[in-house]
Amino acid sequence: MELTSVLNQSLTYISSFVLRCVVDLDIAGRIQAYGRPMPLNELARSIPISPEKDMMLGRLMALLVHKEVFAQDEAGYVLTPFSKLILTENSNMGAFVRFSTALAVTKHLCVMSEWFKNGDDGSSVYIMDNDGKKFFDIAREKPEIGNLFNEAMASHSKQKIGDLVTSYPHIFDGLNSLVDVGGGTGTAAKIIADAFPSLRCTVLDLPHVVEKASESNSINVVAGDMFEKIPSADAILLNNVLHDWHGEDCVRILKRCKDAIEPRKDGSKVIVVDIIQDFENNNPKATETGFLFDILMMTSHGTKERTKQEWHDLIIGAGYSGYTIYPTRLGSDCVMELYP
């Protein structure tokens, strides 16, 4: 059993890249379009691949059925709840798969041990492996990487923010305006604006990011720097923003958010969506997701996912009077409502 565990853990990366292949070939979309269980030969012709590779595709699908990405009966392959998530017209988590398996995101993990042995210069593995450049610098310089990142964050937000507005509508009750800080191309703001038509939403992000965002009757787009100034509003949303930054930077961001909602009417707040490492969720998969994201933050940005105490210290240290934590159905993320 122990040997099998070592082998499986060592080869887990293969599952990630098989999933990348599924997304690139749009296998889930082809099975959905077929409208009934799809035989292997029909799937192969729809891609299309040469007949000599049909059996190789079958071997790929065998692993995917075992991993419950797809299901199979005598007639062929069908979608599962997992594969429905990677459909483009749904949450399009395929975009997250593409980003997380991109060479620009994964290659630095191969030199993690070198980084541990190096002196502590405050950098991340990513910075060490990219000649001192931070990830967000490269994302700005190379649009193909920046676009991958933005699409991945948008797909992730569809699930998280959709759950937030459904599970905790009271968080938005009585609000007239909201700024999504670091809001990317506006996916989260659109979900909130659609759920609460009377709420005017603004997306704030760097100029090269928001140029891909679309304004509408319910959404403004503002190019700016959250460290300098955040537009005034009844509420500020920080959706998986703070885990990208060191503690002192988080305090600066939180203080800018507090400035933006004060002096405001009663009910003004900052809404933080992020992972709380030691939040009890009774979901081993969600706990593992938190650990994986923590390593991703450590290696990519030199930052981390935080515990309840660490979040408390940041929030109170930034001058807030209190906060409330809500779990989400997605397990790994929590919602924190911060009061000025």
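Definitions and limits used
Here the residue index of a chain counts from 1 through its sequence in written order. Local features are withheld for residues below a pLDDT of 70 in this predicted model, meaning they are given only at 70 or higher, and side-chain atom pairs are given and counted only at 80 or more; totals for whole chains, interfaces and linings count all residues. With hydrogens and water excluded, all non-hydrogen atoms of the structure serve as input to the side-chain values. In this analysis, a patch consists of residues with relative accessible area above 30% that form no salt bridge, clustered at 9 Å for like charges and at 5 Å for the nonpolar side chains Val, Leu, Ile, Met, Phe, Trp and Tyr. Here the accessible surface of atoms and residues is derived via Shrake-Rupley with a 1.4 Å probe, and residues count as covered only by protein chains that are part of the display. For salt bridges, the criterion is a side-chain nitrogen of Lys or Arg within 4 Å of an Asp or Glu carboxyl oxygen. Comment: elements are numbered from the N terminus, with helices defined as DSSP H or I runs of at least four residues and strands as E runs of at least two. Lining residues are those with an atom within 4 Å of a point, where the points come from a 1 Å grid over the protein atoms alone and group into cavities, where a 1.4 Å probe fits but cannot get out, or pockets, open sets with protein on both sides within 12 Å along at least five of seven lines. Grid points are joined across faces, edges and corners, and a volume is the space filled by probe spheres set on the points. Three residue categories are used. Nonpolar comprises Ala, Val, Leu, Ile, Met, Phe, Trp, Tyr, Cys and Pro, charged comprises Asp, Glu, Lys and Arg, and polar comprises the others, including Gly. The domain limits used here are those given by an automatic or database domain assignment. Between the rings of Phe, Tyr and Trp (Trp by its six-membered ring), a pair exists once the centres lie within 6.5 Å; its type follows the angle of the planes, with under 30 degrees stacked, over 60 edge-to-face, and the other angles tilted. Here's how the labels work: a residue is buried when its accessible area is under 20% of the maximum for its type, exposed when over 50%, partly exposed in between, all with a 1.4 Å probe on protein chains only. Only when the NZ atom of a Lys or the CZ atom of an Arg is both within 6 Å of the ring centre and within 35 degrees of the ring normal do we say a charge sits over the ring. Given a helix with a known number of residues, its expected span is that number minus one, times 1.5 Å. One axis fitted to the seven residues ending at a residue, another fitted to the seven starting there: the angle between these axes is the bend at that residue. Joining through side-chain atoms within 4.5 Å is the link that ties buried Ala, Val, Leu, Ile, Met, Phe, Trp, Tyr and Cys residues into a set, and such a set is a nonpolar core. In this description, contact between two residues means that some pair of their heavy atoms is separated by no more than 4.5 Å. Strands were regarded as paired on the criterion that DSSP finds at least two bridges between them. The convention used is that axes are lines fitted to C-alpha atoms, helices contributing only their stretch in contact, and that angles between N-to-C directions extend from 0 to 180 degrees. UniProt positions are given in the numbering used here, feature names are shortened, and annotations may be inferred rather than shown by experiment. By the criterion applied in these results, polar contacts are pairs of N or O atoms within 3.5 Å in which, for protein atoms, one can donate a hydrogen and the other can accept it, and in which residues neighboring in sequence qualify only through two side-chain atoms. Residue-level confidence of the predictor is what pLDDT reports, using numbers from 0 through 100.

## Here's the deal with a nonpolar patch on the surface
Inference 1: Where nonpolar side chains cluster on the molecular surface, the patch consists of L11, Y13, I14 and F17 and spans about 380 Å² of accessible area.
Inference 2: Looking at the secondary structure, you find F17 in helix α1 (residues 2–25).

## As for the layout of surface pockets
Inference 1: One number sums up the size of the largest pocket: a volume of about 2,700 Å³.
Inference 2: Along its surface, the largest pocket is lined by 48 residues, and S16, L19, F82, T289 and L292 are the ones closest to its centre.
Inference 3: Among the elements that make up the lining of the largest pocket, the one with the highest residue count is α1 (12 residues).
Inference 4: When grouped by side-chain class, the residues that make up the lining of the largest pocket number 25 nonpolar, 17 polar and six charged.
Inference 5: Residue-level mapping places the lining of the largest pocket at the junction of two domains, with at least three residues from each of domain 1 (1–86) and domain 2 (101–339).

## Describing the packing of aromatic side chains
Aromatic rings considered in pairs are described by the distance between their centres and by the relative angle of their planes.
Inference 1: Applying the stated rule across the entire model yields 12 aromatic pairs.
Inference 2: Relative to F135, the ring of F99 has its centre 6.0 Å away and its plane inclined at 75 degrees; by these criteria the two rings are edge-to-face. A residue pair is termed long-range when its members are at least 10 positions apart, and F99 in helix α6 (residues 94–100) and F135 in helix α10 (residues 135–141) qualify at 36 residues.
Inference 3: Using a relative accessible area of 6% as the deciding quantity, one classes F135 as buried.
Inference 4: One Lys or Arg, R36, reaches over the ring of Y34 and ends 4.2 Å from the middle of that ring.

## Brief notes about the domain arrangement of the chain
Inference 1: For the chain, the domain assignment lists domain 1 (1–86) and domain 2 (101–339).
Inference 2: Computed from C-alpha atoms alone, the centre-to-centre distance between domain 1 and domain 2 is 32 Å.

## Topic: the pattern of salt bridges
Inference 1: As enumerated under the stated definition, the model contains 12 salt bridges in all.
Inference 2: Note that D163 and R329 form a salt bridge whose closest N and O atoms lie 2.4 Å from each other. With D163 in helix α11 (residues 143–167) and R329 in the loop between β8 (322–327) and β9 (333–339), this residue pair connects regions lying 166 residues apart in the sequence.
Inference 3: D163 sits in the buried class, given a relative accessible area of 3%.

## Remarks on α11
Inference 1: With 25 residues, α11 should reach 36 Å at 1.5 Å per residue; the first-to-last C-alpha distance of 35 Å fits that figure.
Inference 2: Where α11 bends most, at S157, the angle is about 30 degrees.

## Considerations on the nonpolar core
Inference 1: Counting residues in hydrophobic clusters, the biggest one holds 36 residues, and the most contacted among them are I27, I31, L43, M61 and F70.
Inference 2: No other element matches the four residues that α1 contributes to this core.
Inference 3: Two domains each donate at least three residues to this core, and these are domain 1 (1–86) and domain 2 (101–339).
Inference 4: In terms of nonpolar packing, the next biggest core, distinct from the first, is built from 29 residues, I261, I276, W311 and C334 among them.

## Some remarks on the side chain of H156
Inference 1: Tracing the backbone through its elements, the reader meets H156 in helix α11.
Inference 2: Once you skip the residues sitting within four places of it in the chain, H156 turns out to touch M93, N240, F293 and D333.

## So, the sheet that holds β9
Inference 1: Strands sit in the order β5-β4-β3-β6-β7-β9-β8 across an open sheet of seven strands; the sheet is mixed. The sheet is open, and its two borders are formed by β5 (219–223) and β8, each paired with just one other strand. Across the sheet, the mean angle from the axis of one strand to that of its neighbour is 20 degrees, orientation sign disregarded.
Inference 2: Strand direction decides the pairing type here: strand β3 (residues 177–181) and strand β4 (residues 200–205), joined by five bridges, are parallel. For V179, the partnering residue across the bridge sits in β4 and is T202.
Inference 3: Running over the sheet, helix α14 (residues 247–261) touches β6 (235–239), β7 (269–275) and β9 and is turned about 155 degrees from β6.

## Here's the deal with the pairing of strand β1 (residues 70–73)
In summary, the side chains of a regular strand alternate between the two faces of the sheet.
Inference 1: Examined bridge by bridge, β1 and strand β2 (residues 76–79) share four bridges and lie antiparallel to one another. When the bridges of β2 are listed, A71 appears paired with V78.
Inference 2: Counted between consecutive antiparallel strands, the loop separating β1 from β2 contains two residues.

## Section: the UniProt feature "domain: O-methyltransferase dimerisation" (unreviewed entry) in the chain
Inference 1: UniProt tags residues 11–88 as "domain: O-methyltransferase dimerisation" (unreviewed entry).
Inference 2: Across residues 11–88, the secondary structure splits into 62% helix and 10% strand, with the terminal C-alpha atoms separated by 28 Å.

## Concerning the UniProt feature "active site" (unreviewed entry) in the chain
Inference 1: UniProt annotation of "active site" (unreviewed entry) refers to H243 when read in the numbering used here.
Inference 2: Residue classification places H243 among the buried residues on the basis of a relative accessible area of 5%.
Inference 3: For H243, the side chain forms a polar contact with the main-chain oxygen of N240, separated by 3.3 Å.

## A word on the confidence of the model for the chain
Inference 1: In the predicted model, the chain carries a mean pLDDT of 92, and the fraction of residues at 70 or more is 98%.
Inference 2: When pLDDT is averaged over each helix and strand of the chain, the minimum, 88, is found for helix α13 (residues 207–210) and the maximum, 98, for β2.

## A short note on the environment of H243
Inference 1: Considering the arrangement of structural elements, one finds H243 in the loop between β6 and α14.
Inference 2: Between the C-alpha atoms of H243 and I325, which are 82 residues apart in sequence, the distance is 16 Å.
Inference 3: If near-sequence neighbours (up to four positions away) are discounted, H243 is found in contact with D274, M297, T303, K304, E305 and R306.

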